[in-house]
Amino acid sequence: MDHLFLNVIKHNPVDGPDYFIRMASQLNGDQFSAFMSDEAGMKEWMQVISALPKWPFIKEVMAGG
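Quick notes on the rules
- Residues numbered from 1 in each chain as written.
- Predicted model: local features only at pLDDT ≥ 70, side-chain atom pairs only at ≥ 80, totals over all residues.
- Heavy atoms only, no water.
- Core = buried A, V, L, I, M, F, W, Y, C linked by side-chain atoms within 4.5 Å.
- Buried < 20%, exposed > 50% of the residue type's maximum accessible area, 1.4 Å probe, protein only.
- Helix = DSSP H or I, 4+ residues; strand = E, 2+ residues; numbered from the N terminus.
- Contact = heavy atoms within 4.5 Å.
- Phe/Tyr/Trp six-rings, centres within 6.5 Å; stacked < 30°, edge-to-face > 60°.

## Things to note about the nonpolar core
- Core analysis: the biggest nonpolar cluster contains 13 residues, and Phe5, Tyr19, Met23, Phe35, Val48, Leu52 and Phe57 have the highest contact counts within it.
- When residues of this core are traced back to their parent elements, those giving at least two are helix H1 (2–11), helix H2 (16–26) and helix H4 (42–51).
- Element by element, the count of residues in this core is highest for H1, at 4 residues.
- Once you skip the residues sitting within four places of it in the chain, Met23 turns out to touch Phe5, Phe32, Phe35, Val48, Ala51 and Leu52.

## Let's talk about the packing of aromatic side chains
- Scanning the entire structure with this criterion turns up 4 aromatic pairs.
- When the ring of Phe5 is compared with that of Phe57, the centres are 6.1 Å apart and the planes differ by 15 degrees; the resulting orientation is stacked. Here the residue Phe5 occupies a position in helix H1, and Phe57 occupies one in helix H5 (residues 55–62), the gap between them amounting to 52 residues. The same class applies to Phe5 as to Phe57, namely buried.
- Here the aromatic rings of Tyr19 and Phe57 are separated by 6.1 Å at their centres, their planes lie at 45 degrees, and the arrangement is tilted. In this pair, Tyr19 is assigned in helix H2 and Phe57 in helix H5, connecting sequence segments 38 residues apart.
- By relative accessible area, Phe57 is classed as buried at 10%.
- Ring-pair connections join several aromatic residues into one group, and the members of that group are Phe5, Tyr19, Phe20 and Phe57.

Quick look at the structure:
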């Protein structure tokens, strides 16, 4: 998932800050810290996925990213 997220940001650099703001708005400090240090659980992943726009990630998967 990290690779996918980084590729989406790489191909949409203007939207990168918005993605982080959206993630941070859905997670408390401990959850955001766990996510950023690759220690998040399923609950945090689902919150992140629900916060982010789906289309850029779908396009990246379809492109082989």
